[in-house]
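This is what each chain is made of:
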Amino acid sequence: MGKNSNFHSHCTFCDGRSHPEDFVSFAIANKFRAYGFSSHSPLPFETCWNMTKDDLPEYIQEVNRLKKKYAGDLEIYLALEIDYLDKTYNASIDYFQSMPLDYRISSLHFLSRKEPLLEKNMVCIDGDYKDFEEGVNSHYSGSIRRMAEHFLASSMNMVEAGGFDIVGHVDKIYMNGSRYPGFDIQAPWYRKPFLELLDFIAEKELIVEINSKNKAGKGQTYPHINSYRELKKRHIPVMVNSDCHYPDLVNDGRRETLAILKEAGYRTTRELVNGKWDDVEI
């Protein structure tokens, strides 16, 4: 397998647990070719895991400092993981498009239930299961199907809005959803719109990340392993990202996930090489 890379990571500018340079040190020590910082972007409301708008200039400055300091040792890239909330707040708006980023990841962590865009009006599909369960019961009358359909419709809207390069953890809802009675990724009511989402991603020529964060702990990747062949069938380029929050987890699950991708027919991953997107042999 080729040299290591990781394009989805978090540090102390958001909910990561160590300073940016600690992640760089790990990457260099483990012979990485490329490393991308993608802190959680600012939101219209503050959370415990998103960066604030006030910290954004310092974040950009620090990653650019590391780029210069370690030039020749590691390709370092500057990015954000940008939440899709609705048509007014997503990766395509001028605020994010005007930033000097090397790439953008777009993900869904929240489902917006009503205006205005405040945390109390959001349902979080990530994080603690008890909060997820409460969200299903309180906002979807206990119907996991209704929540999942909302998630998939919002994902379609995210792809339609555009303004990003990489689809982050495309089906992350199954992390908690799989624990809720009635959730089934093989059920026609879920599978049909999910495959339509993949069709749309292929049409927009986006990259899908294979998020390996929970490969070791829960045996899960996002998207689910059973979707790899569907991605390949649609000629969708993929990359493997650890979504790490700790330096020692930068490479977590990568080797195992790449091996499964090869079984599904993939021979390359899509990565930034010297600042341009290219296909890198697995």
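Here the structure is a predicted model, which means the values were calculated and not measured.

Parameters at a glance
Residues numbered from 1 in each chain as written. Predicted model: local features only at pLDDT ≥ 70, side-chain atom pairs only at ≥ 80, totals over all residues. Heavy atoms only, no water. 1 Å grid on protein atoms, 1.4 Å probe; cavity = no way out; pocket = protein on both sides within 12 Å on 5 of 7 lines; lining within 4 Å. Points joined across faces, edges and corners; volume = space filled by probe spheres on them. Helix = DSSP H or I, 4+ residues; strand = E, 2+ residues; numbered from the N terminus. Nonpolar A, V, L, I, M, F, W, Y, C, P; charged D, E, K, R; others polar. Phe/Tyr/Trp six-rings, centres within 6.5 Å; stacked < 30°, edge-to-face > 60°. Buried < 20%, exposed > 50% of the residue type's maximum accessible area, 1.4 Å probe, protein only. Lys NZ or Arg CZ within 6 Å of the ring centre and 35° of its normal. Salt bridge = Lys/Arg side-chain N within 4 Å of Asp/Glu carboxyl O. Arc of directions from axis to C-beta. Contact = heavy atoms within 4.5 Å. Lys, Arg positive; Asp, Glu negative; His and termini not counted. Polar contact = N/O pair within 3.5 Å; in protein donor to acceptor, adjacent residues only side chain to side chain. Pairing = 2+ DSSP bridges. Axes fitted to C-alpha atoms, helices over the stretch in contact; angles between N-to-C directions.

A. The arrangement of the layout of surface pockets in detail. Approximately 570 Å³ is the volume attributed to the largest pocket. Roughly 180 Å³ of internal volume is contained in the second largest pocket. Every residue lining the second largest pocket is listed: Trp49, Phe110, Glu119, Met122, Val123, Cys124, Asp126, Gly127, Asp128, Asp131 and Phe132. Within the residue set of the lining of the second largest pocket, elements represented by two or more residues are strand S6 (122–124) and helix H4 (129–139). Of the residues in the lining of the second largest pocket, the class split is six nonpolar, one polar and four charged.

B. Looking closely at the packing of aromatic side chains. Throughout the structure, instances matching the rule amount to 15 aromatic pairs. Plain terms: the ring middles of Phe7 and Tyr103 are 5.8 Å apart, the flat faces sit at 75° to each other, and that makes the pair edge-to-face. Taken together, the residues Phe7 in the loop between strand S1 (4–6) and helix H1 (20–29) and Tyr103 in strand S4 (residues 103–107) connect sequence positions 96 residues apart. On the accessibility criterion, Phe7 (0% relative accessible area) is buried. Judged by centre distance (6.1 Å) and plane angle (90°), the ring pair of Trp189 and Tyr190 falls under edge-to-face. Each member of the pair Trp189 and Tyr190 is classed as buried. Aromatic rings pair up to connect Phe7, Tyr77, Tyr103 and Trp277 into one cluster. Above the face of the Tyr95 ring, Lys53 is positioned so that its terminal group lies 4.7 Å from the ring centre. Taking NZ or CZ as reference, Arg113 lies 4.3 Å from the ring centre of Tyr140, over its face.

C. Just the pattern of salt bridges, in detail. Taken as a whole, this structure holds 14 salt bridges when the rule is applied. Glu271 serves as the salt-bridge partner of Arg33, at 2.6 Å between the closest nitrogen and oxygen. In this pair, Arg33 is assigned in strand S2 (residues 32–40) and Glu271 in strand S10 (residues 268–273), connecting sequence segments 238 residues apart. Both residues of the pair, Arg33 and Glu271, belong to the buried class.

D. Main features of helix H10 (residues 254–263). Buried residues of H10: Arg254, Thr257, Leu258, Ile260 and Leu261, and no others. Buried residues along H10 cover an arc of 160° about the axis, so they all sit on one side. Away from its buried face by more than 90 degrees, H10 exposes Arg255 and Glu263. Among the structural elements, S1, strand S8 (207–211), helix H8 (215–218), helix H9 (228–233), strand S9 (238–241) and S10 are those in contact with the buried residues of H10. Where H10 terminates, the next one or two residues include Gly265, which has phi positive at roughly 110°.

E. Region of interest: the side chain of Asp15. Tracing the chain through its elements places Asp15 in the loop between S1 and H1. One buried charged side chain, Asp15, makes no salt bridge at all; its nearest oppositely charged neighbour is Lys213, positioned 6.2 Å away. Within the local environment of Asp15, its side chain forms a polar contact with the side chain of His245, the two groups lying 3.2 Å apart. Excluding its chain neighbours within four sequence positions, the residues that come into contact with Asp15 are His10, His40, Cys48, Trp49 and His245.

F. Quick look at the sheet that holds S2. Strand order in this open sheet of seven strands is S1-S2-S3-S4-S7-S8-S9, and the pairing throughout is parallel. Whereas interior strands pair on both sides, the edge strands pair on one side only; in this sheet they are S1 and S9. In this sheet, S2 lies alongside S1 in parallel orientation, the contact comprising three bridges. When the bridges of S2 are listed, Asn4 appears paired with Phe32. Across the sheet, helix H2 (residues 56–69) is in contact with S2 and strand S3 (75–83); its angle to S3 comes to roughly 155°. On the sheet, H10 packs against S1, S8 and S9 and is oriented at approximately 155° with respect to S9.

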